[in-house]
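Okay, here's what each chain looks like letter by letter:
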Amino acid sequence: MSNTEDCPCGLAASYLRCCGRFIELAAPAQSAELLMRSRYSAYARANRVYLLKSWHPDTRPELDPSELDQGRWLKLEILTVKPGLKKSIVEFKAYYLEGEVQRCLHETSLFKKVKQRWYYFEALANS
Ligand SMILES: [Zn+2]
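What counts, and where the lines are drawn
Residues numbered from 1 in each chain as written. Predicted model: local features only at pLDDT ≥ 70, side-chain atom pairs only at ≥ 80, totals over all residues. Heavy atoms only, no water. Donors = N, O, S within 2.8 Å, 3.2 Å for Na, K, Ca; no water. Tetrahedral: all angles 85-135°; square planar, octahedral: opposite > 155°, others 65-115°. Salt bridge = Lys/Arg side-chain N within 4 Å of Asp/Glu carboxyl O. Buried < 20%, exposed > 50% of the residue type's maximum accessible area, 1.4 Å probe, protein only. Helix = DSSP H or I, 4+ residues; strand = E, 2+ residues; numbered from the N terminus. Polar contact = N/O pair within 3.5 Å; in protein donor to acceptor, adjacent residues only side chain to side chain. Contact = heavy atoms within 4.5 Å. Pairing = 2+ DSSP bridges. Axes fitted to C-alpha atoms, helices over the stretch in contact; angles between N-to-C directions. Phe/Tyr/Trp six-rings, centres within 6.5 Å; stacked < 30°, edge-to-face > 60°. Lys NZ or Arg CZ within 6 Å of the ring centre and 35° of its normal.

Draft legend 1. Broad picture of the coordination of the zinc ion. Around the zinc ion, the donor atoms from the protein are Cys7 (SG), Cys9 (SG), Cys18 (SG) and Cys19 (SG), and they sit 2.2 to 2.4 Å away. Taken together, the 4 donor atoms coordinating the zinc ion span angles of 103 to 119° at the metal, a pattern that classifies the geometry as tetrahedral.

As structure tokens, this is what we get:
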């Protein structure tokens, strides 16, 4: 996957101008939504290091590399965003392939801000 291709998160920009700024260049995401998008792109590119780095230290898992499967993520839809100064909630749908079958992860996620950086904290609900 090249850095000048369209960003996996669905915004109309190349990867490097979109989520790549946060993933490759370590710029802080200005909002929880942008961090959410960059985490989706990191899943799409199987970037375990970034997924762990953007996970809040209190809830950060081991994240087995075998759980990351580049190429099965199809599309991200951001449904609602409840912004806040220290906490923010993002509801999204992420479409992926399980074998030949298209599935959808529908999740409402909590993000927390620590020292000017947003982190994924936990799923409040998913289906
Ligand atoms: Zn993006």
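Draft legend 2. Layout of the pattern of salt bridges. Applying the stated criterion to the full structure yields 3 salt bridges. As a salt-bridge pair, Glu77 and Lys75 come within 3.3 Å of each other at their nearest N and O atoms. Taking the relative accessible area as the measure of exposure, Glu77 reaches 27% and is therefore partly exposed. We note a salt bridge from Glu98 to Arg103, for which the minimum N-O separation is 2.8 Å. Overall, the relative accessible area of 41% leaves Glu98 in the partly exposed class.

Draft legend 3. The arrangement of the side chain of Glu107 in detail. Looking at where Glu107 falls in the secondary structure, it is placed in strand S3 (residues 101–114). Within polar-contact distance, the side chain of Glu107 engages the side chain of Tyr120 at 2.9 Å. Excluding its chain neighbours within four sequence positions, the residues that come into contact with Glu107 are Val90, Glu91, Phe92, Tyr120, Ala123, Ala125 and Asn126.

Draft legend 4. Representation of the sheet that holds strand S1 (residues 73–82) in the model. Read across the open sheet, the 4 strands follow the order S1-S2-S3-S4; overall the sheet is antiparallel. Each having just a single partner strand, S1 and strand S4 (117–126) make up the two edges of the open sheet. The sheet shows a mean angle of 30° between the axes of neighbouring strands, direction not considered. Direction of pairing for strand S2 (residues 87–98) relative to S3: antiparallel, over a ladder of 12 bridges. Looking at the pairing, Tyr96 lines up with Arg103 of S3.

Draft legend 5. Fine view of the packing of aromatic side chains. If you walk through the whole model with that rule in mind, you get 5 aromatic pairs. Arranged with centres 5.1 Å apart and planes meeting at 80°, the rings of Trp55 and Tyr120 form a pair that is edge-to-face. With a gap of 65 residues between them, Trp55 in the loop between helix H3 (48–53) and S1 and Tyr120 in strand S4 connect regions that are remote in the sequence. Like Tyr120, Trp55 is buried. Counting every residue linked through ring pairs, the aromatic cluster contains Tyr40, Tyr43, Trp73 and Tyr96. Lying over the aromatic face of Tyr95, Lys75 brings its terminal NZ or CZ to 4.9 Å of the ring centre.

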